[in-house]
Amino acid sequence: MCGIVGYVGTKDAVPIVMEGLRRLEYRGYDSAGVAVAVDGHLELRRAEGKLGNLDRVIAERPASGTLGIGHTRWATHGRPSETNAHPHLDCDGVTAVIHNGIVENYRELKDDLIARKHRFGSETDTEVIVHLVEEELRAGRDLAEAARRALRRIEGAAAVVLVSASDPKTIVAARISNAGGVIVGYGDGENFVASDMPALLEHTRTFSFLDHGEMVVVRPDLVRFMDLDGKEIVKAKTTVAFDVVSAAKGGYKHFMLKEIFEQPRAISDALLARVDRRTSRVIFDEDVKMTEADARAVTRISIVACGTSYHAGIAGKYLIERLAGIPTDVELASEYRYREPAIVPGQVTLALTQSGETVDTLAAMEEAQRRGARLVWIGNVVGSQASRMAADVIYLHAGPEIAVAASKTYTATVVCLLLYALFLAQRRGKIDEATSRGILAGAFHLPTLVDGALQSSEQVRTLAYRYYAARDFLHLGRGVNYATALEGALKLKELSYAHAEGTAGGEMKHGTNALIDENLPVIAIAPRDGVYRKMLSNIEEVRARAGIVIAVATAGDAEIRDKADEVITIPACHELVSPVVAIVPLQLFAYHVADRRGCDVDQPRNLAKTVTVE
Ligand code: F6R
């Protein structure tokens, strides 16, 4: 889950690569490095820690050339350090590699290479790649052929980029397995490679995407694709509309805060043009191929996802079962792939992954497809691997999300799940027009409702500053807002490093009650919905044990004020859209607690935005 950027053309590669890396720093930030071809050799600059450290190294020892590659790392093999930072060089310092993923057979390869007198400068699995390429180059092969032969020996998951001072006008990149995206960006007399589009949006909007088992040779005036057997292939070019400006902080202290506040817009974009207002029918565009007959034939839906997307899936199960009446289960993608999942005829596997590149989710998709399920994907990143695997694709249209912790992609995913549940319900004749109209009215109101929830920001900040030092927090929810409890707790954990647990209210008496004492803030999500009374009972249970209750309640609810220590209000809304509204104060709470604790909100320790390793 590292960031990768490469440039070949006529300009100085170093500033272009560094700027691209800055836009990808959310992918990995424990070390970084660049290699640039200068007068027949490669100049290497690397630094442990954030990109700013590498900036300083480059300022002290400048290097420039028209071919360069760079990398921000998120360590898997080998601790974060300057020597383990990419790029890695071969024995002669002529060829360099950067890599995202894991070389599973690196131990055998490394032993073999050491036996043949190769000298290793790092503890990484990556370095074996460049020594394998070195052997092929020594045998007289050009960089592309050397790379192809070397990469065929790699087992595991990898996006790989190679350059060599022996051929200073060529970048070779490859994608092995689904982990680690590689994109090619097209310029005029210059071309680019990267792991993600935001790295290149300043320079180009036209891209091609490598699939599993493909490689590309990129020169200033030529881009040539082939598979790992050496067979030439033709790749389509895609032009995207992502805006660079929307990838900047726009006056907010952190991307996280900006993205929380972007939710009204992201939600309206997710809804936009997907409903026929006259008939209240959900109409997806041509990326969703599912016909009415297909929808009627669905017997079961299995949602696979990780982290925040998994929490969206829990809300999704509730929505799909309630509206479309289709039995739905939600699975952690990382567990799914390591058992023998039973697939029934007519099954849909619904993958939720905003990045479309989470390796556990991609592997679960692959497994489900192999066993005969139809793949549906809901996610954000255009051209991602998931988008290319799925039969039906529903884009979030949330715009780039830069903060490592998800916010607007969570709410946009829940909105898309609601639309998908309605789509299925309508195609299967499970819902009448009046009911659809009522639910959609609630959905169309969401941008205003979320805007209303955002108005509590200052109050939430005050509360966050009051409770920021607590060691543990408990988030309680029921029904569709059980998902909100889980997601609220995850946000707090990852942003502030406080321990937080999300629990279904009804489960407290089965164990969690033992945690409650006068030091435990309990965040109770209790809007006026079908389980409101049950939540009130849970709040009483907490109060009876001296816990501190912070309730998230519907505006105007006087009853809850007598029972809770603190009340944050959200606007009244339809029960089915309430998770989208109720999560907002919890995102803000996590943000403000983290900021008060002095945490790195946009790039929490030990995490990365796109998890392309198992
Ligand atoms: C939490 C967070 C992660 C991701 C998870 C899956 O804020 O961002 O838990 O939700 O890594 O990511 P995607 O949706 O890209 O598959």
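## Considering the site of the ligand
The local shell around the ligand holds 15 residues, among which S309, T353, S355, T358 and E494 are the closest. A distance of 2.9 Å separates an oxygen atom of the ligand from a polar backbone atom of A406. Within the complex, the protein chains bury 90% of what would otherwise be the 400 Å² of accessible surface of the ligand. Among the secondary structure elements, those contributing two or more residues to the shell around the ligand are α9 (307-324) and α17 (482-496). Partitioned by chemical class, the residues of the shell around the ligand number six nonpolar, seven polar and two charged. Built from parts of two domains, the shell around the ligand gets at least three residues from each of domain 2 (248-444) and domain 3 (450-602).

## Digging into the pairing of strand β21 (residues 374-379)
Judged by how many residues are buried, β21 sits mostly within the fold: five of six residues are covered. Of the pairings in the sheet, the one linking strand β20 (residues 347-352) to β21 comprises five bridges and is parallel in character. Paired with L350 across the bridge in β21 is V376. Read as a crossover between parallel neighbours, the route from β20 over helix α11 (residues 359-370) to β21 is right-handed.

## Observations regarding the pattern of salt bridges
The full count for this structure, using the stated rule, is 48 salt bridges. One salt-bridge network, held together by shared partners, links E19, R22, R23, D55 and E202.

## Structural notes on the sheet that holds strand β2 (residues 31-38)
Pairing in this open sheet of eight strands is antiparallel, and the strands run β3-β2-β4-β1-β10-β9-β11-β15 from one edge to the other. The open sheet terminates on both sides in strands that have one partner only, identified here as β3 (41-48) and β15 (238-239). Relative to β3, β2 runs antiparallel, the two being bridged by eight bridges. Bridge pairing in β3 places A32 opposite A47.

## Here we look at α11
Compared with the 16 Å implied by 1.5 Å per residue over 12 residues, the 16 Å span of α11 between its first and last C-alpha is a close match. Burial of α11 is extensive: nine of the 12 residues sit out of reach of the surface. Here α11 has its buried residues at V359, D360, T361, L362, A363, A364, M365, E367 and A368. Its buried side turned inward, α11 meets β18 (300-305), α10 (333-336), β20, β21 and α12 (385-389).

## So, the domain arrangement of the chain
Domain annotation for the chain reports domain 1 (3-245), domain 2 (248-444) and domain 3 (450-602). Computed over C-alpha atoms, the centres of domain 2 and domain 3 are 25 Å apart. Residue-level contacts link 34 residues of domain 2 with 29 residues of domain 3. Where domain 2 abuts domain 3, roughly 2,600 Å² becomes buried across the two surfaces, and 71% of that area is made up of carbon and sulfur atoms. Our count for the contact surface shared by domain 2 and domain 3 stands at one salt bridge. Across the pair K253 and D595 runs a salt bridge whose closest N-O atoms are separated by 3.1 Å. Inspection of the region where domain 2 meets domain 3 yields 11 residue pairs in polar contact (both at pLDDT 80 or more). Elements supplying a minimum of two residues to the side of domain 2 that touches domain 3: α6 (255-261), α7 (263-271), α9, α13 (408-427) and α14 (433-444).

## Observations concerning the packing of aromatic side chains
Aromatic rings considered in pairs are described by the distance between their centres and by the relative angle of their planes. The final tally for this structure, using the stated rule, is six aromatic pairs. Between F284 and F423, the ring centres sit 5.2 Å apart and the planes meet at 55°, which makes this aromatic pair tilted. Pair noted here: F284 is in the loop between β17 (281-282) and α8 (292-297) and F423 is in helix α13, with a separation of 139 residues, a long-range link. Both residues of the pair, F284 and F423, belong to the buried class. Across the ring face of Y465, the terminal group of R596 is positioned such that the distance to the ring centre comes to 5.7 Å.

Rules used throughout
Residues numbered from 1 in each chain as written. Predicted model: local features only at pLDDT ≥ 70, side-chain atom pairs only at ≥ 80, totals over all residues. Heavy atoms only, no water. Near = heavy atom within 4 Å. Polar contact = N/O pair within 3.5 Å; in protein donor to acceptor, adjacent residues only side chain to side chain. Areas by Shrake-Rupley, 256 points an atom, 1.4 Å probe, with all protein chains shown as cover. Helix = DSSP H or I, 4+ residues; strand = E, 2+ residues; numbered from the N terminus. Nonpolar A, V, L, I, M, F, W, Y, C, P; charged D, E, K, R; others polar. Domains from an automatic or database assignment. Buried < 20%, exposed > 50% of the residue type's maximum accessible area, 1.4 Å probe, protein only. Pairing = 2+ DSSP bridges. Right-handed = clockwise from strand over helix to strand, strands pointing away. Salt bridge = Lys/Arg side-chain N within 4 Å of Asp/Glu carboxyl O. Expected span 1.5 Å × (residues − 1). Contact = heavy atoms within 4.5 Å. Buried area = accessible area lost by both parts, 1.4 Å probe. Phe/Tyr/Trp six-rings, centres within 6.5 Å; stacked < 30°, edge-to-face > 60°. Lys NZ or Arg CZ within 6 Å of the ring centre and 35° of its normal.

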